[in-house]
Amino acid sequence: MSNQITLQVNGEPRTCQAQSWLPDLLEQLGFNPRLVAVEYNGEILHRQFWYETQVQEGDRLEVVTIVGGGLRELGELGELGELYGYLTR
């Protein structure tokens, strides 16, 4: 039995340790958890729930990163980009 699972991150397949907590996964993938918003399986996930969220095989994550003066790829983010301000209050 493998300790690795596969999930989708920003549309790309990624592997990680089974039972990884979301903040740990973000760091493993090179994201600064303080500077991102996350859509988890089609739902905006408020950061207060990140430490309760263990990623599972087949999960889908969209991660939006803040970069100097705004959000990267804002035009392609739709609702996720619009809600970022609400999520980081």
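Shown above is the structure to which this text applies.
Residues numbered from 1 in each chain as written. Predicted model: local features only at pLDDT ≥ 70, side-chain atom pairs only at ≥ 80, totals over all residues. Heavy atoms only, no water.

Colleague: Any chance you could explain the overall build of the protein here in plain terms?
Modeller: Within the protein one finds two helices and six strands. If you list the helices and strands of the protein from N to C, you get β-β-α-β-β-β-β-α. Counting every position in the protein, which comprises 89 residues, the buried fraction comes to 35%. The contacts in the protein between residues at least 6 apart in sequence include a share of 50% that link residues at least 24 apart. For the protein, the accessible surface area stands at approximately 5,700 Å², while carbon and sulfur atoms represent 46% of it. (Helix = DSSP H or I, 4+ residues; strand = E, 2+ residues; numbered from the N terminus. Buried < 20%, exposed > 50% of the residue type's maximum accessible area, 1.4 Å probe, protein only. Contact = heavy atoms within 4.5 Å. Areas by Shrake-Rupley, 256 points an atom, 1.4 Å probe, with all protein chains shown as cover.)

Colleague: Honestly, the environment of Ile66 in this entry has me stumped. Any pointers?
Modeller: As for its placement among the helices and strands, Ile66 is situated in strand E5 (residues 60–67). On the basis of relative accessibility, which here comes to 30%, the residue Ile66 falls in the partly exposed class. Put simply, Ile66 and Val36 are 30 residues apart on the chain and 6.2 Å apart in space, counted from C-alpha to C-alpha.

Colleague: Honestly, the nonpolar core in this entry has me stumped. Any pointers?
Modeller: Grouped burial of nonpolar side chains is what soluble globular proteins tend to show. Core analysis: the largest hydrophobic core is formed by 17 residues, its most contacted members being Leu7, Leu22, Leu26, Val38 and Val55. Mapped onto this core, the elements with two or more residues apiece are strand E1 (4–9), helix H1 (22–28), strand E3 (36–40) and E5. Contacts of Leu26, omitting those with residues within four sequence positions, involve Phe31, Pro33, Val36, Val38, Trp50 and Val63. (Core = buried A, V, L, I, M, F, W, Y, C linked by side-chain atoms within 4.5 Å.)

Colleague: Hey, could you run me through the pairing of strand E2 (residues 12–17) in this one?
Modeller: For a regular strand, the rule is simple: side chains alternate between the two faces of the sheet. With six bridges joining them, E1 and E2 adopt antiparallel strand pairing. Bridging across to E2, Gln4 finds its partner in Gln17. Following E1, the chain reverses through two residues before pairing antiparallel with E2; Asn10 in that reversal takes a positive phi of roughly 50°. (Pairing = 2+ DSSP bridges.)

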